[in-house]
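# Remarks on the overall topology
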Amino acid sequence: MNTVLSYFKDTYKFNDKATIKASGKDENGYFIILDQTVFYPQGGGQPSDRGLIEIGGIVIPIHIVKFVANDVKHYTDQNYSHLVGQTGICSIDQEMRLLHAKLHTSGHLISNIIEKLYPDWRAVKGHHFPDQCYVEFLSENEDSNNIISNEIVNDKIKQALEKDDLLTAFEVSGSKLEELCPNLTYSIPNNQSARIVRIGDFPFSPCGGTHVKSLRELKGLQVTKYKIKNNIMKINYQLAQD
């Protein structure tokens with residue numbers, strides 16, 4: 001069942017209408033499937049949105065959203081099969097959405113900066129959960145135990161936030177994805193599309209997450225530590241909260 005991912009259009013859209021198309025229960029609990037969703041499903045190292053759906057005075061809590069096969073499942077507290085076919089208003093936790101978008105965008109920026117400063121390293125994994133944020137990098141150079149300077153990296157982050165480079169996100173075909181992201185380790189069919197993002201003049205990256213409009217929203221971003229083991233480098237970061 002195809003669900004339109006309306007959160008793609010605007011990170012700052014916190015409410016939207018949706019119709020319940022199906023409901024069910026699996027090993028994770030009760031869930032509903034919508035015709036379109038403003039809820040971000042957990043994935044790409046980013047946690048899902050939480051919130052609620054209101055239909056005719058009934059409030060449905062949504063505590064986690066996941067991609068399962070081809071479905072976007074909104075997990076809730078009980079069976080709502082009697083509401084299938086009805087339309088309601090979806091509202092997500094605004095503060096949580098913006099925090100997740102900031103942390104996710106921060107991971108992209110740090111990856112871009114590290115790859116530019118230290119070309120031996122390539123970002124391969126990001127984890128952007130609050131208080132657990134890190135990016136992992138891989139080097140094919142067995143001698144890549146070069147010292148990373150937190151001070152230099154944090155200075156580059158500060159410069160990027162002050163410059164406030166434009167962040168763009170759009171969809172491209174499979175063939176265009178290979179052209180814009182030539183170092184990918186996978187490909188998708190030409191008749192399918194993929195979403196890519198770019199910060200300033202850094203390279204394009206495939207990404208389905210939410211992002212901030214302005215890098216200045218990442219005020220207080222800094223890397224805190226790093227560790228290198230077996231050609232894998234893990235860099236932790238944090239975003240200062242007001």
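The residue numbers shown here count from 1 along each chain, following its written sequence. Thresholds applied to this predicted model are a pLDDT of at least 70 for local features of residues and 80 or more for the giving and counting of side-chain atom pairs; totals over whole chains, interfaces and linings are not thresholded and use all residues. With hydrogens and water stripped out, all remaining heavy atoms of the structure feed into the side-chain values.

## Details of the packing of aromatic side chains
Side-chain rings of Phe, Tyr and Trp (the six-membered ring for Trp) are treated as a pair once their centres are within 6.5 Å; stacked means planes under 30 degrees apart, edge-to-face means over 60, and tilted covers the remaining angles. One pass over the structure, following the stated rule, counts 4 aromatic pairs. Each ring, one from Phe31 and one from Tyr75, has its centre 5.9 Å from the other, and the planes form 65 degrees; the classification is edge-to-face. You can see Phe31 sitting in strand E3 (residues 29-34) and its partner Tyr75 sitting in strand E8 (residues 71-75), a full 44 residues away along the chain. Here the aromatic residues Tyr7, Phe8 and Tyr40 are joined through ring pairs into a cluster of three or more. In this structure, Arg198 packs its charged tip against the face of Phe204, placed 4.4 Å from the ring centre. The ring of Tyr134 has Lys234 sitting right over it, with the charged end atom 4.3 Å from the ring centre. The numbering of helices and of strands both runs from the N terminus, where a helix is a DSSP run of H or I of at least 4 residues and a strand a run of E of at least 2. Lysine NZ or arginine CZ positioned within 6 Å of the ring centre and within 35 degrees of the ring normal marks a charge as sitting over the ring.

## Remarks on the side chain of Ser111
With respect to the helices and strands, Ser111 occurs in helix H1 (residues 94-117). We define a polar contact as two N or O atoms separated by no more than 3.5 Å, with the added condition that, inside protein, one atom must be a possible hydrogen donor and the other a possible acceptor, whereas residues neighbouring each other in sequence contribute only through side-chain atom pairs. Within the structure, Ser111 has its side chain in polar contact with the backbone oxygen of Gly107 (distance 2.8 Å). Contact partners of Ser111, with chain neighbours within four places excluded, come to Ala123, Val135 and Phe137. Residues count as neighbours in contact if any of their non-hydrogen atoms are within 4.5 Å of one another.

## Topic: the confidence of the model for the chain
The pLDDT value expresses, per residue, how confident the predictor is, ranging between 0 and 100. This prediction gives the chain a mean pLDDT of 91; 95% of its residues lie at or above 70. For the chain, the element scoring lowest by mean pLDDT is helix H3 (residues 174-180), at 78; strand E5 (residues 51-55) scores highest, at 98.

## Brief notes about H1
Multiplying one less than the number of residues by 1.5 Å gives the expected span of a helix. A rise of 1.5 Å per residue sets the reference length of H1, with its 24 residues, at 34 Å; its end C-alpha atoms lie 35 Å apart and thus fit the reference within 8%. Two to three positions downstream of the cap, the backbone nitrogen of Glu95 sits 3.2 Å from a side-chain oxygen, assigning the N-cap of H1 to Asp93.

## Observations concerning the environment of Glu136
Inspection of the secondary structure puts Glu136 in strand E11 (residues 134-138). Glu136 sits 31 residues away from Thr105 along the chain, and the two C-alpha atoms are 15 Å apart. Discounting residues that sit within four places of it in the chain, Glu136 has contacts with Arg122, Ala123, Val124, Lys125, Ile232, Met233 and Lys234.

## Observations concerning the nonpolar core
Among the buried residues, those of types Ala, Val, Leu, Ile, Met, Phe, Trp, Tyr and Cys that are joined through side-chain atoms within 4.5 Å form a nonpolar core. Using a 1.4 Å probe on the protein chains alone, a residue whose accessible area is under 20% of its type maximum counts as buried, one over 50% counts as exposed, and one in between counts as partly exposed. Among the nonpolar cores identified, the biggest contains 28 residues, and Leu109, Ile114 and Ile157 are the most heavily contacted of them. Elements supplying a minimum of two residues to this core: H1, E11, helix H2 (150-163), strand E15 (221-229) and strand E16 (232-239). Take this core: its biggest share by element is 6 residues, from H1. Those residues in contact with Ile114 that sit more than four places away from it in its chain are Trp121, Phe137, Ile148, Val153, Met233 and Ile235. Among the nonpolar cores identified, the runner-up in size contains 17 residues, and Ile32, Val38, Tyr80 and Leu83 belong to it.

## Overview of a positive patch on the surface
What makes a patch is a set of residues exposed beyond 30% relative accessible area and free of salt bridges, joined within 9 Å when like-charged and within 5 Å when nonpolar (Val, Leu, Ile, Met, Phe, Trp, Tyr). Reported accessibility uses the Shrake-Rupley method at a 1.4 Å probe radius. Residues are deemed covered only where the shown protein chains occlude them. A pair is scored as a salt bridge if a Lys or Arg side-chain nitrogen falls within 4 Å of a carboxyl oxygen belonging to Asp or Glu. Positive charges come from Lys and Arg, negative ones from Asp and Glu, while His and the chain ends are left out of the count. Note that the charge is assigned to NZ on lysines, CZ on arginines, CG on aspartates and CD on glutamates. On the surface, a cluster of positive charge is contributed by Lys125, Lys225, Lys227, Lys229 and Lys234. Here the positive patch gets 3 residues from one element, more than from any other, and that element is E15.

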